[in-house]
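Residues per chain, in single letters:
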Amino acid sequence: MNNNQSKVSVITVVYNDVSNIEETILSVINQDYPNIEYVVIDGGSSDGTIELIKRYEYKLAYYLSEPDNGIYDAMNKGIVKVKGQLVNFMNSGDTFYENDTVSKVMKMYDQKSDVIYGDSRRFFRHEVIIDRARLSTLNYMPNCHQAFFVKSKLLKENLFETSYKICADAKFFYDAYNSGNKFQYIPVVICNYDNTDGVSSRNMTLQVREIARIENKDKTLLWKINYTLFLTKLLIRMITPKFLLQLYRIFKNRLKS
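Just so we're clear, the structure is a prediction, and the values are computed from it rather than from any experiment. (Residues numbered from 1 in each chain as written. Predicted model: local features only at pLDDT ≥ 70, side-chain atom pairs only at ≥ 80, totals over all residues. Heavy atoms only, no water.)

**Student:** Got a sec to walk through the overall build of the protein chain? Specific residues and values, please.
**Tutor:** In terms of regular secondary structure, the protein chain is built from 10 helices and 9 strands. Among the 257 residues that make up the protein chain, the fraction classed as buried is 45%. Only carbon and sulfur atoms are counted for the fraction: they give 52% of the accessible area of the protein chain, which is about 14,100 Å². (Helix = DSSP H or I, 4+ residues; strand = E, 2+ residues; numbered from the N terminus. Buried < 20%, exposed > 50% of the residue type's maximum accessible area, 1.4 Å probe, protein only. Areas by Shrake-Rupley, 256 points an atom, 1.4 Å probe, with all protein chains shown as cover.)

**Student:** Explain the side chain of E37 residue by residue, including any values.
**Tutor:** Among the structural elements, E37 can be located in strand β2 (residues 36-42). Buried charge without a salt bridge: E37, with K7 as the nearest opposite-charge side chain at an N-O distance of 4.8 Å. Polar contacts involving the side chain of E37 include one to the side chain of S9, which spans 2.4 Å. Within the local environment of E37, its side chain forms a polar contact with the backbone nitrogen of K83, the two atoms lying 2.9 Å apart. Apart from residues lying up to four places away in sequence, E37 is in contact with K7, V8, S9, V10, A61, K81, V82, K83 and G84. (Lys, Arg positive; Asp, Glu negative; His and termini not counted. Salt bridge = Lys/Arg side-chain N within 4 Å of Asp/Glu carboxyl O. Polar contact = N/O pair within 3.5 Å; in protein donor to acceptor, adjacent residues only side chain to side chain. Contact = heavy atoms within 4.5 Å.)

**Student:** Please set out the packing of aromatic side chains residue by residue, giving values where relevant.
**Tutor:** Aromatic rings considered in pairs are described by the distance between their centres and by the relative angle of their planes. For the structure shown, the criterion picks out 10 aromatic pairs. Each ring, one from Y72 and one from F160, has its centre 5.6 Å from the other, and the planes form 50°; the classification is tilted. Highlighted residues: Y72 in helix α3 (residues 71-79) and F160 in the loop between α5 (152-157) and α6 (168-178), separated in sequence by 88 residues. A relative accessible area of 6% means that Y72 is categorised as buried. By relative accessible area, which is 6% here, F160 ends up buried. Here a set of aromatic residues connected by ring pairs shows up, and it is made of Y72, F89, Y117, F148, F160, F172, F173, Y177, F183 and Y185. (Phe/Tyr/Trp six-rings, centres within 6.5 Å; stacked < 30°, edge-to-face > 60°.)

**Student:** An account of empty space enclosed by the protein is requested, with residue identities and associated values reported.
**Tutor:** In the structure shown here, the tally under the stated rule is 1 cavity of 30 Å³ or more. The volume enclosed by the largest cavity comes to roughly 60 Å³. Lining the largest cavity are M75, V87, F89, H145, F148, V150, L155, F160, D169, F172 and F173. Those elements that place two or more of their residues in the lining of the largest cavity are β4 (86-89), β8 (148-151) and α6. Tallying contributions element by element places α6 first for the lining of the largest cavity, with 3 residues. The class makeup of the residues in the lining of the largest cavity is 9 nonpolar, 1 polar and 1 charged. (1 Å grid on protein atoms, 1.4 Å probe; cavity = no way out; pocket = protein on both sides within 12 Å on 5 of 7 lines; lining within 4 Å. Points joined across faces, edges and corners; volume = space filled by probe spheres on them. Nonpolar A, V, L, I, M, F, W, Y, C, P; charged D, E, K, R; others polar.)

In short, geometric facts, not functional conclusions.
Structure representation (structure tokens):
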């Protein structure tokens, strides 16, 4: 079997995202690569997402809609169902960069590689940024998970740890890198994604704690000192005239009551 015939599994996880899910679905089903298995895992949406997915159900290899225990639990549900050699996660709101992206990746893919990664196009507020991936000991997840293709065998044997709420993917790549798995960089922009209002960008303190836990640094005195400084800086940034005015109004209303 050559690279152009290898099955690629794409998993999309979604929950109540009717305004974005169709763009993601079209991005996957319009890929010109001939051997894509598409799996969609919905968390039990109630906003019309399910009805929209069902329009394209004939294009799906597998579809599930039921409550889950978070994004990584949903991603694990997809992993256990896939049959492709490689797996990519293109979750709701994200898209492949171009219609021939998967084809470009597979032309350069070395089948001895366990993890394949490339570049990404990121939207942040009013900026468009091309993130060039650079792997290192200190940067074991050099791009967002949408920019990775991982051997399904490796994923099935190492499902995401759901005790991590926003960094289970980072934990997976940390373990994969330190276990000696072969990482291959492909100089292709793989995905478009918007992290203006992503989970990690909205919960920086949890992200910092989880990364420290992944790297086994969260128990050290130095980390605790640095984390305290980080929280202090975050608090200082919050103290704006608007914040102080809101605080004043809260206390004023409490005194009146």
